[in-house]
Amino acid sequence: MTTSTAMRFDSASLRPLAAPRVAVVIPALNEEGGIGNVIDEVKRALDGTEFRIIVVDGRSSDRTAVVARERGAAVVTQRVAGYGGALMTGFTVAVRRWNPDVLVMIDGDGTYDPADIPKLIEPIARGDAELVVGNRLKFLDKSAMSGLNRFGNRLITGLARRLLGLEVEDTQCGLRAFSADLVGTFIGSADGMAFATEMLADAKEASMVITEVPITYRKRVGDAKMRPITDGASILRIVGRLLRDYKPMLFFGLLSLVCLAAGLGFGFRVLSEFLATGHVKEIPSAILSSALVVLSIQFFSLGLVADMIKGVGRRRKQVWEMGVRGDVDL
Ligand SMILES: Nc1nc2c(ncn2[C@@H]2O[C@H](COP(=O)(O)OP(=O)(O)OP(=O)(O)O)[C@@H](O)[C@H]2O)c(=O)[nH]1
Ligand SMILES: [Mg+2]
């Protein structure tokens, strides 16, 4: 279990909830084989809790929407494409139409066990966490995740943890719960599966208190929607973009250092030739060297400016969040 220790400005959303209202959002694209069972299992798991189930249909070509409606879930069609777009649609609909205390996200393919949902809600209801992420890696059934997926998962998780400073072990887990007060924390700009990583970066940026809870992971029902190579590449791209947006000084500083090192490398040859002979014959090297050093300075300045912009944006967001998070009766 990992808990973020980032400094917090306000803990109003960490209040205990006696009987939380729970909205479960299920993104589903051609999951007619699994969705019905997932809905039934969610109902069983949340028996005794006040809850709603929202299936976000990605314009499935099979009977996903029909099956979901038959089992009593509310079905909405997503407006923004992709897995992330589906989840953001579901969160927005849930918050605007029903005002839940806790939002839960779970896949419609039966890989997650809805019986784990109460375990995820508990730390939020106790007032100990704002975002709870499932961790599949604790007891992973090897047949549930292909070798390629496991490798990709480890690579992406390692990069995301190191570069973005995420303190979550299973960064790609799709079973999560969070305090509905903080739904505005998530920007949802990442397309496809990269949303899972972006969500954690947003949570960290907003100093949300994050906890991981071990869960079970099963073999999926129906065909995979994930394309390991395309989705893996898109997640790597998003890690790069998140690094640029959340750690601009590191991102541009690294580019600046690389250019500086290359520039000095070429410059050294020119300079040593000049010192030895008094002439510069390697004109191309001299030009390349100065261009690289100028580029390095530009990257560094860009880093400084981006860092300043980020600081201003963050302050504005903190003020905004304090305003909406307060436990105040109006
Ligand atoms: N509405 C909607 N749902 C999607 C979309 N892409 C994926 N999903 C759903 O999101 C959930 C997770 O997608 P999966 O295909 O299971 O991806 P995964 O869990 O990373 O990989 P596998 O289970 O190994 O295929 C499933 O319920 C999908 O049906 C989409 O574009 N729109
Ligand atoms: Mg799945």
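Look up: the structure comes first, before these words.
All values reported here derive from a predicted model rather than from experimental measurement.

Rules behind the numbers
- Residues numbered from 1 in each chain as written.
- Chains lettered and ligands numbered in written order.
- Predicted model: local features only at pLDDT ≥ 70, side-chain atom pairs only at ≥ 80, totals over all residues.
- Heavy atoms only, no water.
- Salt bridge = Lys/Arg side-chain N within 4 Å of Asp/Glu carboxyl O.
- Helix = DSSP H or I, 4+ residues; strand = E, 2+ residues; numbered from the N terminus.
- Buried < 20%, exposed > 50% of the residue type's maximum accessible area, 1.4 Å probe, protein only.
- Axes fitted to C-alpha atoms, helices over the stretch in contact; angles between N-to-C directions.
- Parallel < 35°, antiparallel > 145°, perpendicular 65-115°, else oblique.
- Contact = heavy atoms within 4.5 Å.
- Nonpolar A, V, L, I, M, F, W, Y, C, P; charged D, E, K, R; others polar.
- Phe/Tyr/Trp six-rings, centres within 6.5 Å; stacked < 30°, edge-to-face > 60°.
- Near = heavy atom within 4 Å.
- Polar contact = N/O pair within 3.5 Å; in protein donor to acceptor, adjacent residues only side chain to side chain.
- Areas by Shrake-Rupley, 256 points an atom, 1.4 Å probe, with all protein chains shown as cover.
- Expected span 1.5 Å × (residues − 1).
- Arc of directions from axis to C-beta.

> What is the right way to look at the pattern of salt bridges in this model?
When the charged atoms of two side chains lie near each other, side chains of opposite charge can form a pair. Evaluation of the coordinates by the stated rule reveals 14 salt bridges. Note that arginine 241 and aspartate 245 form a salt bridge whose closest N and O atoms lie 3.8 Å from each other. Here arginine 241 pairs with aspartate 245, and both are found in helix α7 (residues 228-246), just four residues apart, close to one helical turn. Residue glutamate 282 pairs with arginine 269 through a salt bridge whose shortest N-O separation is 3.0 Å. Of the two residues, glutamate 282 sits in the loop between α8 (248-277) and α9 (283-325) while arginine 269 sits in helix α8, which places them 13 residues apart along the sequence. For glutamate 282, a relative accessible area of 29% corresponds to the partly exposed category. Put simply, Glu198, Arg241, Arg244 and Asp245 are held in one network by salt bridges that share partners.

> How should I be thinking about the packing of α7 against α8 in this particular structure?
Their axes nearest at 5 Å, the elements α7 and α8 cross at an angle of 110°. The pairing of α7 with α8 is recorded here as roughly perpendicular in orientation. Facing Gly240, Leu243, Arg244, Asp245 and Tyr246 of α7, the residues of α8 in contact are Pro248, Leu250, Phe251 and Phe252. Its residues placed into classes, the contact of α7 with α8 shows six nonpolar, one polar and two charged.

> Looking at this model, I keep getting lost on the packing of aromatic side chains. Mind explaining?
For any two aromatic rings, the description comes down to two numbers: the centre-to-centre distance and the angle of the planes. Scanning the model with the defined rule gives five aromatic pairs in all. Between phenylalanine 251 and phenylalanine 252, the aromatic rings sit 5.1 Å apart at their centres with planes inclined by 90°, giving edge-to-face as the arrangement. Judged by relative accessible area, which is 23%, phenylalanine 251 ranks as partly exposed. Looking at phenylalanine 252, the relative accessible area reads 11%, which means it is buried. With a centroid separation of 6.5 Å and an interplanar angle of 25°, the aromatic rings of phenylalanine 252 and phenylalanine 299 are classed as stacked. Placement of phenylalanine 252 in helix α8 and of phenylalanine 299 in helix α9 is noted, with a sequence separation of 47 residues between them. Grouped by ring-pair contacts, the aromatic residues Phe91, Phe178 and Phe186 constitute a single cluster.

> Would you mind going over the site of ligand 1 with me for this structure?
Surrounding ligand 1, one finds 21 residues, the nearest of these being Pro27, Glu31, Gln78, Gly108 and Asp109. Here a nitrogen atom of ligand 1 sits 3.3 Å away from a polar atom, N or O, in the main chain of alanine 28. Glycine 58 places a polar main-chain atom, nitrogen or oxygen, 3.1 Å from a nitrogen atom of ligand 1. For ligand 1, the protein covers 89% of the area, taking 630 Å² as the surface of the free molecule. Listing elements by their share of the shell around ligand 1, those giving two or more residues are β1 (21-28), β2 (50-57) and α3 (82-98). Take the shell around ligand 1: its biggest share by element is three residues, from α3. Split by residue class, the shell around ligand 1 holds 10 nonpolar, five polar and six charged.

> For this particular structure, what's the right way to read helix α5 (residues 147-164)?
Owing to its 3.6 residues per turn, the α-helix brings residues three or four apart onto one side. Its 18 residues place the ends of α5 25 Å apart at the C-alpha level, agreeing with the 26 Å of an ideal helix rising 1.5 Å per residue. Buried within α5 we find Gly152, Asn153, Ile156, Thr157, Ala160 and Leu164. The buried residues of α5 occupy an angular sector of 125° when projected down its axis, which confines them to one face. Pointing more than 90 degrees away from the buried face of α5 are the exposed residues Phe151, Arg154 and Arg162. Just downstream of α5 lies glycine 165, where phi reads positive at about 70°.

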